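# Fold and geometry: a report
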Amino acid sequence: MNKAARTLAAGVAVAALALTGCANSPADAATVNGVRIADSTVREVARVLGQATGSETGLALKQATYDLVLGEAARQVAASTGTTITAADQQEVIGQYPAVAAVSQVPGGAEWADAATRAFLLQEELGADKFVEEVGKLDITINPRYGQWDASRASFGDASLARAADSATLRR
C-alpha cells in the first residue's frame, strides 16, 4: 500500500470513528461498563414499544435505549451490591401491569420487560437516591443519535428536546 492509500485509509478510519459518537461501534446503541447494547436490539424493542404505545419512532428509540441501558446498569449494580432480583420478583411486577405483560409476550418485548422490571425492582430495593448514585458510578456511553448520558441523574437527555428521557412508566 503506498503512502497516499495509507493516508486515505487512515482518514476514512478517523472519520468513521468521529461519526460513531461515544459508543464503541456504530452497531452499538450504548455500552454499560463495556457491555454492549446492540443497535439492532434497541430497534427491535423500539418497534415493539411503538406498536404497543403508539409512540412515534424517535421517541420509541430513545425510550428503548434508556430502558435497556438502565436494565443492564441495574443488573451490574445488583451484582456489585449483592442485591438479588429474581425472575419470580420480575414476573410478579409484570403480572401487576397488563401493558407490560402484553409487551413481554411479543417477540422483542421480553428483553424490554426484563430490563424495565429489573431497574424498577432495584430502585425499589435501594431507594431512588442510592440507585442513582450507584448507576452514576458506571461507565455508560450512549450513541449520540439517542441522547447524551447524565451520570448525576442516571438519565439521558436530548438537546433537541431540552428534557431528560424518563423510564417507561409502568401503568396498571
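Quick caveat, the model's predicted, so the values are computed rather than measured.

Calculation criteria
Residues numbered from 1 in each chain as written. Predicted model: local features only at pLDDT ≥ 70, side-chain atom pairs only at ≥ 80, totals over all residues. Heavy atoms only, no water. Axes fitted to C-alpha atoms, helices over the stretch in contact; angles between N-to-C directions. Helix = DSSP H or I, 4+ residues; strand = E, 2+ residues; numbered from the N terminus. Parallel < 35°, antiparallel > 145°, perpendicular 65-115°, else oblique. Left-handed = near helix turned anticlockwise from the far one by under 90°. Contact = heavy atoms within 4.5 Å. Nonpolar A, V, L, I, M, F, W, Y, C, P; charged D, E, K, R; others polar. Salt bridge = Lys/Arg side-chain N within 4 Å of Asp/Glu carboxyl O. Pairing = 2+ DSSP bridges. Phe/Tyr/Trp six-rings, centres within 6.5 Å; stacked < 30°, edge-to-face > 60°. Buried < 20%, exposed > 50% of the residue type's maximum accessible area, 1.4 Å probe, protein only. Core = buried A, V, L, I, M, F, W, Y, C linked by side-chain atoms within 4.5 Å. pLDDT = per-residue confidence, 0-100. Expected span 1.5 Å × (residues − 1). Lys, Arg positive; Asp, Glu negative; His and termini not counted. Polar contact = N/O pair within 3.5 Å; in protein donor to acceptor, adjacent residues only side chain to side chain.

### A look at the packing of helix α3 (residues 57–81) against helix α6 (residues 109–126)
One can describe the packing of α3 onto α6 by two numbers: an axis separation of 8 Å at closest approach and a directional angle of 50 degrees. Comparing their axes, α6 and α3 come out oblique. The handedness of the crossing between α3 and α6 comes out as left-handed. Seen from α3, the contacting residues are Asp67, Leu68, Leu70, Gly71, Glu72, Ala74, Arg75, Val77 and Ala78; seen from α6, they are Glu111, Trp112, Ala115, Arg118, Ala119, Leu122 and Leu126. When grouped by side-chain class, the residues that make up the contact of α3 with α6 number 10 nonpolar, 1 polar and 5 charged.

### Quick look at the pattern of salt bridges
Per the stated rule, a full pass over the model turns up 10 salt bridges. Its salt-bridge partner being Glu44, residue Arg47 comes within 2.5 Å of it at the nearest N-O pair. Note that Arg47 and Glu44 are positioned in helix α2 (residues 39–53) at a spacing of 3 residues, about one turn of the helix. For Asp114, the salt bridge is made with Arg118, and the minimal N-O distance between the two is 2.2 Å. A residue pair is termed a helical-turn pair when its members lie 3 or 4 positions apart in one helix, as Asp114 and Arg118 do in helix α6 at 4 residues.

### Considering the pairing of strand β2 (residues 35–38)
Of the pairings in the sheet, the one linking strand β1 (residues 28–32) to β2 comprises 4 bridges and is antiparallel in character. Within the sheet, the bridge partner assigned to Val32 lies in β2 and is Val35. The hairpin turn running from β1 into β2, its antiparallel successor, is 2 residues long, and Asn33 in that turn takes a positive phi close to 50 degrees.

### Remarks on the packing of aromatic side chains
Overall, the coordinates contain 1 aromatic pair when judged by the stated rule. Between Tyr97 and Phe120, the ring centres sit 6.4 Å apart and the planes meet at 80 degrees, which makes this aromatic pair edge-to-face. A residue pair is termed long-range when its members are at least 10 positions apart, and Tyr97 in the loop between α4 (87–96) and α5 (98–104) and Phe120 in helix α6 qualify at 23 residues. According to the relative accessible area criterion, Phe120 is partly exposed, its value standing at 26%.

### Re the nonpolar core
In terms of nonpolar packing, the biggest core is built from 41 residues, with Val42, Val69, Trp112, Val135, Ile140, Ile142 and Trp149 touching the most fellow members. For this core, the elements supplying multiple residues, two or more each, are β1, α2, α3, α4, α5, α6, α7 (128–136) and β3 (140–142). No other element matches α3, which puts 11 residues into this core. Filtering out sequence-adjacent residues up to four positions away, Ile140 remains in contact with Thr31, Val32, Val69, Ala73, Val135 and Trp149.

### Some details on the confidence of the model for the protein
Predicted confidence across the protein gives a mean pLDDT of 81, with 77% of residues reaching 70 or more. Ranking the elements of the protein by mean pLDDT puts helix α1 (residues 3–20) last with 35 and β2 first with 96. Between residues 2–23, whose pLDDT stays under 50, and residues either more than four places distant or in other chains, the model counts 13 contacts. For the stretch residues 159–172, pLDDT sits under 50, and the model shows 30 contacts to residues farther than four places along the chain or on other chains.

### As for α6
Along an α-helix, residues three or four positions apart point the same way, because every turn accommodates 3.6 residues. With 18 residues, α6 ought to run about 26 Å at 1.5 Å a step, and its terminal C-alpha atoms sit 26 Å apart, in line with that. Turning to α6, its buried residues number three or more, namely Gly109, Trp112, Ala113, Ala115, Ala116, Thr117, Arg118, Ala119, Leu121 and Leu122. Gly127 occupies a position one or two residues after α6 and carries a positive phi of about 95 degrees.

### A closer look at the side chain of Asp67
Along the chain, Asp67 falls in helix α3. No salt bridge is formed by the buried Asp67; its nearest oppositely charged neighbour, Arg118, is found at 11 Å. Among the polar contacts listed, one links the side chain of Asp67 to the side chain of Trp112, at a separation of 2.8 Å.

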